Each structure stands twice: as C-alpha cells, then as structure tokens.
Amino acid sequence: MQRTLARRFAPAEYMAVRLLLPAPLHPSVFTAVAFMHETDERIDSGEPSARQAALRAWDRDVTTALERQGAVEQPLLRALADTAQRHPVLAARVRAFLDGAPAEAAWTGFGTESDFQAYVDSYSLPALMLTASIVEPPAPADALRFRTGCRTLIEAMQRIDFLADLSEDVAQGRVGVPRDTLAQHGLKTEDLTRSSGDHLPAVERLVAEQAGLAGAGLDGCGDLPDVAEPGHRPFLDTLIAVQRLRLRAVERKGAALLAHGARPDTLATLRLLMRAYGSARRLRRAVR
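Here goes a summary of the coordinates provided. (Residues numbered from 1 in each chain as written. Predicted model: local features only at pLDDT ≥ 70, side-chain atom pairs only at ≥ 80, totals over all residues. Heavy atoms only, no water.)

In terms of helices and strands, the chain carries 15 helices and zero strands. Here the C-alpha radius of gyration of the chain, 19 Å, is about what a compact globule of 288 residues would show, namely 19 Å. Considered along the principal axes of its C-alpha atoms, the chain spans approximately 60 × 45 × 35 Å. Sequence-distant contacts, at least 24 apart, represent 70% of the contacts inside the chain between residues at least 6 apart. Summed over all atoms, the accessible surface of the chain reaches about 13600 Å², with 53% contributed by carbon and sulfur. With 36 positive and 36 negative side-chain charges, the chain shows a spacing of 8 Å between the two charge centroids. (Helix = DSSP H or I, 4+ residues; strand = E, 2+ residues; numbered from the N terminus. Rg over C-alpha atoms; globule rule 2.2 N^0.38 Å. Contact = heavy atoms within 4.5 Å. Areas by Shrake-Rupley, 256 points an atom, 1.4 Å probe, with all protein chains shown as cover. Lys, Arg positive; Asp, Glu negative; His and termini not counted. Charge placed at Lys NZ, Arg CZ, Asp CG, Glu CD.)

All right, on to the packing of aromatic side chains then. In the structure shown here, the tally under the stated rule is 13 aromatic pairs. An angle of 40 degrees between the planes, with centres 5.5 Å apart, marks the rings of W107 and F110 as tilted. Taken as a pair, W107 and F110 share a single burial class, namely buried. Where W107 meets Y119, the ring centres are 6.1 Å apart and the plane angle is 40 degrees; that geometry is what we call tilted. With W107 in the loop between α7 (102-105) and α8 (113-132) and Y119 in helix α8, the pair connects residues that are twelve residues apart, well separated along the chain. Judged on exposure class, the residue W107 and its partner Y119 are both buried. One aromatic cluster is present, built from ring pairs that chain together F35, W58, F97, W107, F110, F116, Y119, Y123 and F162. (Phe/Tyr/Trp six-rings, centres within 6.5 Å; stacked < 30°, edge-to-face > 60°. Buried < 20%, exposed > 50% of the residue type's maximum accessible area, 1.4 Å probe, protein only.)

Turning to the nonpolar core, a few remarks are in order. The biggest cluster of nonpolar side chains holds 85 residues, and the ones touching the most others in it are F35 and F146. Setting aside anything within four residues of it in sequence, one finds F146 in contact with M129, A132, V135, E136, P137, L224, V227, A228 and L236. A12, V242, L245 and A268 belong to the second-largest nonpolar core, a separate cluster that totals five residues. (Core = buried A, V, L, I, M, F, W, Y, C linked by side-chain atoms within 4.5 Å.)

Our focus in this paragraph is the pattern of salt bridges. This structure, assessed with the given rule, holds 13 salt bridges. A salt bridge links R174 to D44; the shortest N-O distance between them is 2.9 Å. Residue R174 is located in the loop between α10 (166-171) and α11 (179-184), and its partner D44 is located in the loop between α3 (26-43) and α4 (48-67); the two are separated by 130 residues in the primary sequence. The partner of E155 in a salt bridge is R159, and the shortest N-O contact between them spans 3.0 Å. Here R159 and E155 lie together in helix α9 (residues 140-164), a separation of four residues that amounts to about one turn. Take R159: its relative accessible area is 5%, and that puts it in the buried class. When salt bridges with common partners are traced through the structure, they connect E113, D121, R151, E155 and R159 into a single cluster. (Salt bridge = Lys/Arg side-chain N within 4 Å of Asp/Glu carboxyl O.)

So, on to helix α6 (residues 89-100). Helix length check: α6, at twelve residues, gives a terminal C-alpha distance of 17 Å against a target of 16 Å (1.5 Å per residue), a fit within 8%. Among the residues of α6, L90, R93, V94, F97, L98 and G100 are the ones counted as buried. Seen along its axis, α6 keeps its buried residues to an arc of 165 degrees; they face one direction. As for α6, its buried residues are in contact with α3, α4, α5 (75-86), α7, α8 and α9. (Expected span 1.5 Å × (residues − 1). Arc of directions from axis to C-beta.)

Written out as structure tokens, the structure is:
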C-alpha cells in the first residue's frame, strides 16, 4: 500500500527511489512518503476548525502507534512504527512534523514573505525531513550541512508547488503567494480567480519572479548531494533535477496557471531518470 501511495503522489520521485537508492531503503522511504501524504490529505481540505480537529485525532493515532510499536489496526501506522524501529531518528522526525502540522491545518494563505518562510520552517521542512532522515549522513557536522541544504531545497520546492497548484488553491480560497507580493504586482487574491483579463501581464511577471526565486534556491542546494553518503548521491542529484523540470513546466505555463496546473514533460522526466540510472550503475561498478 505504501508503494502505491508514493507512486500516485509523486511518480517521478517514486521512480528515482526505485532506480537510484539501495533496495533495502525502499520500504522505509515509501512508508515515510505515504505517511506524509496521508497526513497532508487529512488536514488539507475543509474549514480550518475541521482540519485542526482531524489533525488532533491523527496525532493521537500516530502517537499510539509509535508507543505501541505498531500494535494498531491501520497498516500505514504499523509500517511507520516498524520503520521507526529500524531508523530511530524517524520517530523524532515524525514528532517534529506533527508539531508543525497546525501551520498547515490552519493555513488560509500568507500575508507576507515572512509568513511564508515561517510555514516552510514549521511544516514544509519537517515534511521533507521525514524522507530525508532515511538518507541523512551520520556525522553530526555533515547532518547539519545536510539539513541546511534540505531547507534551501524545500523552500524552492514549496514555491514551485504553490505556483503549479495556483488554480486549485484559488478555487479553495487560498493562495501560496503572499498577499504583499501580489500587491507589489498590482494584484489581489480575487484577481487570480479570473483566467482572462488585463491583469494577465501582471500575473506573468508574478510567476516569473516566484520562479526565479525557486530557481535560485535550486542553484543554492547544488552541493547537497556531496554531503550525503556516496550511494545516496545519485538519488539526491536526480531529485534536484526533477524539481528543475517541474520549474520549467511552471515557467512555460506563466499566467495560464490560473486555468490549469503544470506538470513536467513526461519524456524529459523519463530521459532524466534513465540517464541517472545509467550513471548510478557505472558508479556502482567502479567502486566494486
């Protein structure tokens, strides 16, 4: 079940795991991704009060599963508890993620860039670290550099997500671009509900600006793979490269994001994954 959820939620990243990470790590990574996605699904829709209630109930279920070491009914939580026993750091990552999840459960948009940054720190980064903890380097100094690189990466990924999901988020009455940033472009949230009109040039400029910030973030985490264990570096290189494809798709859409989401080109993604797989195989043969 965890593989199915991970494949449905992030197909390119799923294939990168299958092709590039050592096979013994696959169940742990898929479980972490499935848990993150399940949590997000439970608290991502409805009124804030309902989302917050759902989070409290889920927090109790998860805490019970970890305390009882998986002696619960839900298969996902049994798998999570089992994974936490094999990767002890994961239990702390789960706790940090749940502690930050109220930011998502209460989210209705951002007033300022500072609000966005606080959201990344409290929710987005702990969400990424669920999976990243599986490949986190053991040395404390390397782990600190790794986490810093992950923070840079997830900020870029979150900007890309908010642009790619712009039409969906607007339909729910909330937008991931801060309102003060919209105002700098002469836009209001309600302008983004219209996919045609004289506001589209401003939307184009907004998308270009946010995409530029995301691109700079991806450039800034280019040395993240160097901190990881050698066997994990091809996966991290490819994860960053996949985000560049997603960013390119967002940039191509521009103001059309108000009507439709953006997905990376399928053939380009497949070519990227196959090249990475070939390079990883050659690297493994070279170190034998």
